[in-house]
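Now for the letters of each chain:
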Amino acid sequence: MNSKNDYALITGASLGIGREIARELSRRNINTLLVALEAPELYELKQEISDSYNTKVDAIGVDLTDANAAQVVFDWCNDKNYNISILINNAGFGDGGRFEDIPLERYFKMIDLNNKAYIAMIHKFLPKLKNQGYGHIMNTSSMEAYIPLPYKAVYTGTKNFVYAYSLSLNEEVRHHGVKVSILCPGPVLTNEGGLKRIQSQGGKANLIVMMPDKVAKIAVKNMLKGMMVINPGKMNWWIIKLVKFIPTRVKMAILEKMFRVYK
Ligand SMILES: NC(=O)c1ccc[n+]([C@@H]2O[C@H](COP(=O)([O-])OP(=O)(O)OC[C@H]3O[C@@H](n4cnc5c(N)ncnc54)[C@H](OP(=O)(O)O)[C@@H]3O)[C@@H](O)[C@H]2O)c1
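A brief look at the structure comes next.

A short note on the overall build of the protein
Here is step 1: Looking only at helices and strands, one finds 10 helices and 7 strands in the protein.
Here is step 2: By the compact-globule yardstick of 18 Å for 263 residues, the protein fits well, its C-alpha radius of gyration being 18 Å.
Here is step 3: Overall, the C-alpha framework of the protein stretches about 50 × 40 × 35 Å when taken along its three principal axes.
Here is step 4: For the protein, with 263 residues in total, the buried portion stands at 51%.
Here is step 5: Taking as baseline every contact in the protein between residues at least 6 positions apart, the subset at least 24 positions apart corresponds to 70%.
Here is step 6: Of the roughly 12,800 Å² of accessible surface on the protein, 55% is carried by carbon and sulfur atoms.
Here is step 7: In the protein, the 34 positive side-chain charges and the 24 negative ones have mean positions that sit 9 Å from each other.

In structure tokens form, the structure reads like this:
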């Protein structure tokens, strides 16, 4: 942050991990711009941050799957003279089930939000970030970028895309002072769907499940340090390291058994 007009823009800021990231940034005296679907939660968070912290905050309700959403957010920032120095692409969703049971439109929506919206936002904001010579981009992927989950094939694919895209982009832009971080959480207790999925895995899921505020603390701290890949949670970190040694055929067969409950 180099000027008092600098802001961190967070997508998916009204709930879950995004909301906690916004709170954590505010705790660190960083101005925030909250982006999510138009909903009361978005403005409640804006009010909460404005009441609790000595930072500037604003919010905009927009559906990031709309083709012109990134342009709308970009124009809003320009009109209000908000300078973005941190861009956090976090809004995303995923469904579990047999591949063919989920409607194609739902998959396309997932790709629109989890991938296309990230690219569109970065495409808009990157030239300015590079020009000013400083800034951070953090893209939320998932532990699934390393561990592809059967019965969540498209979601897993979108998170793998975020991982590879962000690594590549980082090498393009880091010499211009812009660092790209990838956040790869394991299961996080954010919404009811997530809670059901975690419960379906029984006691073993409790070993790796994290609360969103903890994930956000780790994410923000390491993003500000310029860390490239952020894997919150010690146990998750170990799992990611260890699965690399399991042959793919064996690993995938074990995962299919574990996640059959999603069918
Ligand atoms: N939770 C986990 O276990 C977990 C694990 C690994 C990675 N992740 C990733 O972490 C990110 C956040 O997940 P979460 O669990 O915190 O999600 P969440 O609690 O469901 O919150 C999602 C956020 O995205 C917003 N959003 C949804 N659709 C949108 C759209 N079309 N346009 C604009 N905003 C939209 C939501 O706004 P509304 O409330 O208004 O819909 C909400 O603010 C996602 O990318 C997810 O894939 C989650």
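Structure's up, so let's keep going.
So, the site of the ligand
Here is step 1: Close to the ligand lie 29 residues; S14, N90, Y155, V188 and T190 are nearest.
Here is step 2: At a separation of 3.3 Å, an oxygen atom of the ligand approaches a polar backbone atom of G12.
Here is step 3: Separating an oxygen atom of the ligand from a backbone N or O atom of N90 is a distance of 2.7 Å.
Here is step 4: Coverage of the ligand by the protein amounts to 86% of the 910 Å² it exposes when considered alone.
Here is step 5: Secondary structure elements with two or more residues in the shell around the ligand: α1 (16-27), α4 (104-132) and α5 (153-173).
Here is step 6: Its residues assigned to classes, the shell around the ligand comprises 15 nonpolar, 12 polar and 2 charged.

Some remarks on the pairing of strand β5 (residues 135-140)
Here is step 1: Within β5, 6 of the 6 residues are buried, which leaves it mostly tucked inside the rest of the structure.
Here is step 2: Alternating residues of β5 divide into G135, I137 and N139 and H136, M138 and T140, and every residue in both groups is buried.
Here is step 3: In terms of strand pairing, strand β4 (residues 83-89) meets β5 through 4 bridges, oriented parallel. Directly across from I86, in β5, lies its bridge partner H136.
Here is step 4: With respect to chirality, the unit in which β4 leads through α4 into the neighbouring parallel β5 is right-handed.
Here is step 5: Relative to strand β6 (residues 178-183), β5 runs parallel, the two sharing 6 bridges. Residue pairing across strands places H136 opposite K179, the latter belonging to β6.

Some remarks on the sheet that holds strand β2 (residues 32-36)
The pairing of strands in a sheet comes from backbone hydrogen bonds and takes either a parallel or an antiparallel form.
Here is step 1: Strand order in the open sheet made by the 7 strands is β3-β2-β1-β4-β5-β6-β7, with parallel pairing throughout. The strands lining the two open edges of the sheet, one partner per strand, are β3 (57-61) and β7 (229-230).
Here is step 2: Of the strands in this sheet, β1 (6-11), β2, β4, β5 and β6 are in contact with α1, which crosses β1 at around 165°.

Here we look at helix α2 (residues 40-52)
Along an α-helix, a turn takes 3.6 residues, which lines up residues three or four apart on a common side.
Here is step 1: Over its 13 residues, α2 extends 18 Å from the first C-alpha to the last, a length consistent with the 18 Å expected when each residue adds 1.5 Å.
Here is step 2: The complete set of buried residues in α2 reads L42, L45 and I49. Each buried residue of α2 sits inside an arc of 65° when the element is viewed along its axis, so together they form one side. Exposed and oriented more than 90 degrees from the buried face of α2 are P40, E44 and D51.
Here is step 3: Close packing links the buried residues of α2 with α1, β2 and β3.

Here is what the cut-offs are and how they apply
- Residues numbered from 1 in each chain as written.
- Predicted model: local features only at pLDDT ≥ 70, side-chain atom pairs only at ≥ 80, totals over all residues.
- Heavy atoms only, no water.
- Helix = DSSP H or I, 4+ residues; strand = E, 2+ residues; numbered from the N terminus.
- Rg over C-alpha atoms; globule rule 2.2 N^0.38 Å.
- Buried < 20%, exposed > 50% of the residue type's maximum accessible area, 1.4 Å probe, protein only.
- Contact = heavy atoms within 4.5 Å.
- Areas by Shrake-Rupley, 256 points an atom, 1.4 Å probe, with all protein chains shown as cover.
- Lys, Arg positive; Asp, Glu negative; His and termini not counted.
- Charge placed at Lys NZ, Arg CZ, Asp CG, Glu CD.
- Near = heavy atom within 4 Å.
- Polar contact = N/O pair within 3.5 Å; in protein donor to acceptor, adjacent residues only side chain to side chain.
- Nonpolar A, V, L, I, M, F, W, Y, C, P; charged D, E, K, R; others polar.
- Pairing = 2+ DSSP bridges.
- Right-handed = clockwise from strand over helix to strand, strands pointing away.
- Axes fitted to C-alpha atoms, helices over the stretch in contact; angles between N-to-C directions.
- Expected span 1.5 Å × (residues − 1).
- Arc of directions from axis to C-beta.

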